[in-house]
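Chain by chain, the residues:
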There are 2 protein chains.
Amino acid sequence: MRTAVDLPKAYRLINHGPTVLVSARHAGRSNVMAAAWVMALDFDPPKVALVLDKATFTRELILASGHFAISVPCAAQARMVTALGSHSGRETDKLADHAVPLLDEPAARSPLVAGCVAWLDGVHIPEPEVEQRHDLFVGRITGAWADARVFDAGRWHFDRAPAALRTLHHVAGGHYLAIGDPVE
Amino acid sequence: MRTAVDLPKAYRLINHGPTVLVSARHAGRSNVMAAAWVMALDFDPPKVALVLDKATFTRELILASGHFAISVPCAAQARMVTALGSHSGRETDKLADHAVPLLDEPAARSPLVAGCVAWLDGVHIPEPEVEQRHDLFVGRITGAWADARVFDAGRWHFDRAPAALRTLHHVAGGHYLAIGDPVE
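What counts as what
- Residues numbered from 1 in each chain as written.
- Chains lettered and ligands numbered in written order.
- Predicted model: local features only at pLDDT ≥ 70, side-chain atom pairs only at ≥ 80, totals over all residues.
- Heavy atoms only, no water.
- UniProt positions renumbered as here; feature names shortened; annotations may be inferred.
- Helix = DSSP H or I, 4+ residues; strand = E, 2+ residues; numbered from the N terminus.
- Least-squares fit on C-alpha atoms with pLDDT ≥ 70 in both.
- Contact = heavy atoms within 4.5 Å.
- 1 Å grid on protein atoms, 1.4 Å probe; cavity = no way out; pocket = protein on both sides within 12 Å on 5 of 7 lines; lining within 4 Å.
- Points joined across faces, edges and corners; volume = space filled by probe spheres on them.
- Nonpolar A, V, L, I, M, F, W, Y, C, P; charged D, E, K, R; others polar.
- Salt bridge = Lys/Arg side-chain N within 4 Å of Asp/Glu carboxyl O.
- Buried < 20%, exposed > 50% of the residue type's maximum accessible area, 1.4 Å probe, protein only.
- Polar contact = N/O pair within 3.5 Å; in protein donor to acceptor, adjacent residues only side chain to side chain.
- Buried area = accessible area lost by both parts, 1.4 Å probe.

**Some remarks on the UniProt feature "domain: Flavin reductase like" (unreviewed entry) in chain A**
- Cross-referencing UniProt, the feature "domain: Flavin reductase like" (unreviewed entry) maps to residues 12-158 of chain A in the present numbering.
- Between the C-alpha atoms that bound residues 12-158 of chain A the distance is 14 Å, and the span itself is 18% helix and 38% strand.

**Looking at the relation of the copies chain B and chain A**
- Rotating chain B by 180° and moving it 0.0 Å along the rotation axis overlays it on chain A with an RMSD of 0.0 Å. The symmetry that links the two subunits is that of a two-fold axis.
- Mapped onto chain A, 100% of the interface residues of chain B are again interface residues, and the two copies thus contact each other with one and the same surface.

**Quick word on empty space enclosed by the protein**
- On inspection of all chains with the given rule, the structure shows three cavities of 30 Å³ or more.
- Lining of the largest cavity is provided by 17 residues; of these, G17, V38 and M39 of chain A together with G17 and V38 of chain B occupy positions nearest its centre.
- Taken together, the elements giving at least two residues each to the lining of the largest cavity come down to strand 4 (38-43) of chain A together with strand 4 (38-43) of chain B.
- Classifying every residue of the lining of the largest cavity gives 13 nonpolar, four polar and no charged.
- Quantified by volume, the second largest cavity comes out at close to 30 Å³.
- Take the lining of the second largest cavity: its biggest share by element is three residues, from strand 8 (residues 136-147) of chain B.
- Looking at side-chain class alone, the lining of the second largest cavity contains six nonpolar, two polar and no charged residues.

**Remarks on the pattern of salt bridges**
All names here are of chain B.
- Tallying each qualifying case throughout the model produces 16 salt bridges over all chains.
- Note that E60 is salt-bridged to R90, the shortest N-O span being 2.2 Å. Linking E60 in helix 1 (residues 57-65) with R90 in the loop between helix 2 (78-86) and helix 3 (94-97), this pair joins segments that are 30 residues apart in sequence.
- Residue classification places E60 among the partly exposed residues on the basis of a relative accessible area of 41%.
- Take R90: its relative accessible area is 31%, and that puts it in the partly exposed class.

**Here's the deal with helix 1 (residues 57-65) of chain A**
All names here are of chain A.
- Taken residue by residue, helix 1 has F57, T58, R59, L61, I62 and S65 as its buried positions.
- Those residues of helix 1 hidden inside the fold are in contact with strand 2 (20-26), strand 3 (29-35), strand 6 (67-72), strand 7 (118-125), helix 4 (128-134) and strand 8 (136-147).
- Between the side-chain oxygen at the start of helix 1 and the backbone nitrogen of R59 there is a gap of 3.3 Å, and the oxygen is on T56.
- Just downstream of helix 1, G66 is the residue with a positive phi angle, here 80°.

**Quick notes on the interface of chain B and chain A**
- With 45 residues of chain B at the contact, the number on the chain A side is 45 residues.
- Summing both partners gives a buried area of about 3,900 Å² for chain B against chain A, and 63% of it is carried by carbon and sulfur.
- In terms of surface lost to chain A, no three residues of chain B exceed W37, M39 and V183 of chain B, which account for 19% of the buried area on that side.
- For R133 of chain A, the salt bridge identified is with E127 of chain B, shortest N-O distance 2.6 Å.
- Elements that contribute at least two residues to the side of chain B that touches chain A include exactly strand 4, strand 5 (46-51), helix 4 (128-134), strand 8, strand 10 (155-156), strand 11 (168-172) and strand 12 (175-183) of chain B.

**Concerning the environment of L165 of chain A**
Residue and element names in this part refer to chain A.
- Along the chain, L165 turns up in the loop between strand 10 (155-156) and strand 11 (168-172).
- On the accessibility criterion, L165 (9% relative accessible area) is buried.
- In the structure, L165 is positioned 50 residues away from G115 in sequence and 9.0 Å away in space, judged by C-alpha atoms.
- Excluding anything up to four places from it in sequence, L165 contacts C74, V117, R149, V150 and F158.

This is the structure:
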């Protein structure tokens, strides 16, 4: 059901602005956080930009490992996404606490969250000055996958699948809008 | 019908990931371009990050004027958004060619597009190295407004208004998804 997405089309997995989960692993510790402030930055090679607050443990793991992953969650996971955006993994194991299931994807360097509808695996491109001044990070995408029930042939097809598989778009305070139907 | 949005809540106008219009004015020339690669970067003072290709005339106007605006278009404007994303304003007056109506908002320094559902007016924060390397720009938001039919008390309320007022979320090639309903 999970299919690889051609890298030059990887930007399409986040182009419509979903809230995502950002994850990283280093020295045996993993963490995952919710993030609405993520966007595509280039097509080929695909790059992304994301905002990582200095307080986040995920930022520390990305800086230490040089790698990160983005998982695109769906409406069925709204409660988990809010929980992962509300606590820090610095003192606790968030993946265990919230029973976050991980995918077994050998080609990915960072943990991917199961039950999501798309995944991007990436390498951190250091930009120390804007990281420090604006919490703004840049990465290059090296692997991309999607759930073929909702993304196929380079396009999202949410109208063919259960509503629970629609992407989440956070407004504020755990209030999400689901993505809607195509505009004709 | 247009109401001012408190600056610390301005991020909510783009937090759900809509495709936007980026505009600027300098020395009597104005331009507007479509952009899916825009995100919030901070709450208070509100900042945004956006991607501006070196080929775009809007980038030139922003660098020259030090100012920019973001207008959040709706489903009724899909055709205009695609047109504004398909042509460069370098050789032609896109606002005249596509009959783009502008708002009369004295507090905004850059042109705001009428018929949209939210607007952010901002000041460019120069970051020359990432601008050059990644086409990545940072700005501070100094004014924010929304159409009270769909944004009120810090929240979007698309389900109360006609579908034509829903925000546009670009996938690729002029194919958009409209934002959907709240996730319970």
